[in-house]
Amino acid sequence: MEKNAIEFLENAAAKFPNNVACAHGKAAYTYSELQSKAKGIASQLIKICSPSDPVLLFMEKSCEALFGLWGVVCAGCCYAVVDTALPAHRIRTIISTLDAKCIITKANHAPMLRSLGFAGQILDADSMLGGAVSSDDEHRLEEIKESICDVDPLYVMFTSGSAGTPKGVVVSHRAVIDFISHFTQLFDIQADDVVGNQAPWDFDVSVKDIYSAARTGAALEIIPKKKFSFPKELIDLLEEKKVTTLIWAVSALCIMSSRNAFEYKKPAAINKVIFSGEVMPIKQFRIWREAYPDAVFANVYGPTEITCNCLYYIVEKNFTGEALPIGKPFPNRRVFLLDEEGSLVEKTDADKIGEICVSGSSVGLGYYNNKAATDANFKQNPLNKRFAERIYCTGDLAYYNQDGMMCFYSRKDFQIKHMGHRIELEEIERNADAASGIVRACCAYDGKNIICFYEGGTGKKELARELRQKLPQYMIPAMLEQVETMPVTKNGKIDRKKLLDNLSKKRGPSRA
Amino acid sequence: MSKLVLEILSEIQDCDDVKNDTLLLERGILDSLSIIYLINELEERLNMTIPLEDVVEDNFKSIESIVEFVLTRINDGLAES
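Cut-offs and rules
Counting from 1, residues in each chain are numbered in the order their sequence is written. Chains carry letters and ligands carry numbers; both start at the beginning, A for chains and 1 for ligands, and go up in the order they are written. Since the coordinates come from a predicted model, pLDDT governs what is reported: local features require at least 70, and pairs of side-chain atoms require 80 or more to be given and counted, while whole-chain, interface and lining totals use all residues. In computing side-chain values, all of the structure's heavy atoms are included and hydrogens and water are not. Residue exposure (1.4 Å probe, protein chains only): buried if accessible area is under 20% of the type maximum, exposed if over 50%, otherwise partly exposed. A run of DSSP states H or I qualifies as a helix once it reaches four residues; a run of E qualifies as a strand once it reaches two. Both are numbered from the N-terminal end. Any two strands with at least two DSSP-identified bridges between them are counted as paired. When the strands point away from the viewer and the path from the first strand over the helix to the second turns clockwise, the crossover is right-handed. Contacts are assigned to residue pairs that have any heavy atoms within 4.5 Å of one another. The term buried area refers to how much accessible surface (probe radius 1.4 Å) is lost by two components on association, counted for both of them together. A carboxyl oxygen of Asp or Glu within 4 Å of a side-chain nitrogen of Lys or Arg is what we treat as a salt bridge. Only C-alpha atoms enter the line fits that serve as axes; for helices the fit covers just the stretch in contact. Angles between N-to-C directions range over 0 to 180 degrees.

Chemist: Describe the pairing of strand S12 (residues 272–276) of chain A, with residues and values.
Modeler: Residues and elements named next belong to chain A. Here S12 lies mainly inside the structure; five of its five residues are buried. The two faces of S12 match: Lys-272, Ile-274 and Ser-276 on one face and Val-273 and Phe-275 on the other face are all buried. Where strand S11 (residues 245–249) meets S12, five bridges bridge the pair, whose relative direction is parallel. The partner of Ala-249 across the bridge, within S12, is Ser-276. Pairing between S12 and strand S13 (residues 296–301): four bridges, direction parallel. Of the residues in S13, the one forming a bridge with Phe-275 is Asn-299. The parallel pair S12 and S13 is bridged by helix H13 (residues 282–291), and the resulting crossover is right-handed.

Chemist: Which residues make up the interface of chain B and chain A, and what are the values?
Modeler: Taken together, the contacts link 26 residues of chain B with 19 residues of chain A. Note on chain B versus chain A: buried area summed over both sides is about 2,000 Å², and carbon and sulfur give 56% of it. When residues of chain B are sorted by the area they lose upon contact with chain A, Leu33(B), Leu52(B) and Glu57(B) head the list and together hold 29% of the total. On inspection of chain B and its partner chain A, the count reaches two salt bridges. Residue Lys226(A) is joined to Glu57(B) by a salt bridge in which the shortest nitrogen-to-oxygen separation is 2.8 Å.

Chemist: So what about the pattern of salt bridges? Which residues, and what values?
Modeler: All names here are of chain A. Taken as a whole and judged by the stated rule, the model has 35 salt bridges over all chains. Between Arg-496 and Glu-429 there is a salt bridge, and its shortest N-O distance comes to 2.5 Å. Of this pair, Arg-496 sits in helix H17 (residues 496–507) while Glu-429 is found in helix H15 (residues 425–433), placing the two residues 67 residues apart along the sequence. Judged by relative accessible area, Arg-496 falls into the buried class, the value being 14%. Here Glu-429 falls in the buried class, since its relative accessible area comes to 4%. Here the salt bridges do not stand alone but share partners, grouping Glu-429, Arg-430, Asp-433 and Arg-496 into one network.

Chemist: I'd like a description of the sheet that holds S13(A), backed by residues and values.
Modeler: Each strand in a sheet pairs with its neighbour through backbone hydrogen bonds, running either in the same direction (parallel) or in the opposite one (antiparallel). Residues and elements named next belong to chain A. If you trace the nine strands from one edge of the open sheet to the other, you get S2-S1-S10-S9-S11-S12-S13-S14-S15, paired in mixed fashion. Two strands bound the open sheet, and with one partner strand each, they are strand S2 (27–30) and strand S15 (328–329). Both strand S1 (residues 20–24) and strand S10 (residues 219–222) contribute to a ladder of two bridges, which runs parallel. Across the sheet, Cys-22 pairs through a bridge with Leu-220, a residue of S10. Its contacts with the sheet place helix H2 (residues 31–45) against S1 and S2, and it is angled at close to 85° to S2. Against the sheet, helix H3 (residues 63–74) makes contact with S1, S2 and S10, and its axis sits at roughly 135° relative to S1, the strand it touches most.

So this is what it looks like as structure tokens:
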């Protein structure tokens, strides 16, 4: 059993030195090359950072970014991948939360990072490559590897936060080792598989791609983001690269199925399709199943805080239902439902709704530099009065069906899933409130678009500009709608449903 | 026609400084999600079908190139009927 994630890479490089580890466009590298490049980067990092220090990876996903990622891991540090397309304000927030000593990036980003007030070392990814590892470095890296405990942090992943700023979920080596071991066994991922990486790396779906490949010696085929705009090119790539395994967001799978892309070509090697992020529309699922009658299809569920997924449902061949269950716990996970009074919902209590709560080795270490949010969300299991058992309450509501499988019901709060991204509507509202001239704002989701209603305001333009400066693209409301006054519920809270109802009345039945 | 494309794009993003030859993919105005929105809106508003083989990078570089392929497609349709 591995005691840290460095051993994943070491084992792969020892057992499968000549297997392709990662490929991106025309570039491809073997496990032995990946390991030597990672060590080269690690030997430079250990002169700047101590074990467990955070290191920012400010790069587009690529083979070079993977060298950087494993370089950080081999140095015993924890990494946080930051999307270079994020608005400056958000990058600044992440930088100040992490307070990292160094950032690995491409040289052209350096001036921007400086202008955001980053005072640490900016390391150029290109010039870090090919650095020689001296025997002293080799010795030090070995020492660090010995000293890393599995409770040490492996990465920090930033997600939307209701207080108006993103939160950095800290995940340990143990969490990833435990989860990925079960995940690769359950779905039978092997050294001859080719994992087609769709997810951006600042998104925890990518953890399954990166570490499933490293644990098994499989190839990680990094698919450029642009391909997802052009289904035909995407299909050609999947065919050419002989991709077998898709661990994708539902919205990415739908890009192929909704445009009849399979009529053009069905990439022959695909045999595993594992999806998550939001509810899979059943019509789209049927198109996939028809195209790949022999493939394994699995619906998986879980928030970043518990490390990727805690529930899975392998779709039965004869499945005819209208909604896919989220299923049962992965091995070595405890997943249960608590009702409003905090009592356990029994499996036999079909259709009774409760909040999904998770315990086990893969529960995250909390939010980086944010004790208040950590204490509020990671709690003692209320059912266990005898000893310490940390659980994470997801805020997702679910129930058991007749077969004892969990089924997703809704959110407890104002978090939504939009195009696979997890968004706290309140985070958009706090930023809208801050725009000059806005009295107050309230956001609602109609299942397709985010709509921002606002009171007062000197104009839409300014609000739009404000949001664009502070929020990532996927959080920008599709519509800004001025209202005289906010309707309120009898509890005095803004009535989101009423806002949406009024809007659809105003818009009329013309366009759905 | 270019006005219509700009109108649809403005529903997705702030397009104040977008010209007919602005590179939409490079500027991040078009991505995997907004392209689907644009295609659906064009199909609905122009009562046409955009086949998969038209959804290629060359056709979506700029407003100019979108207009060009949409007009070609419409003319083809007229010639056939």
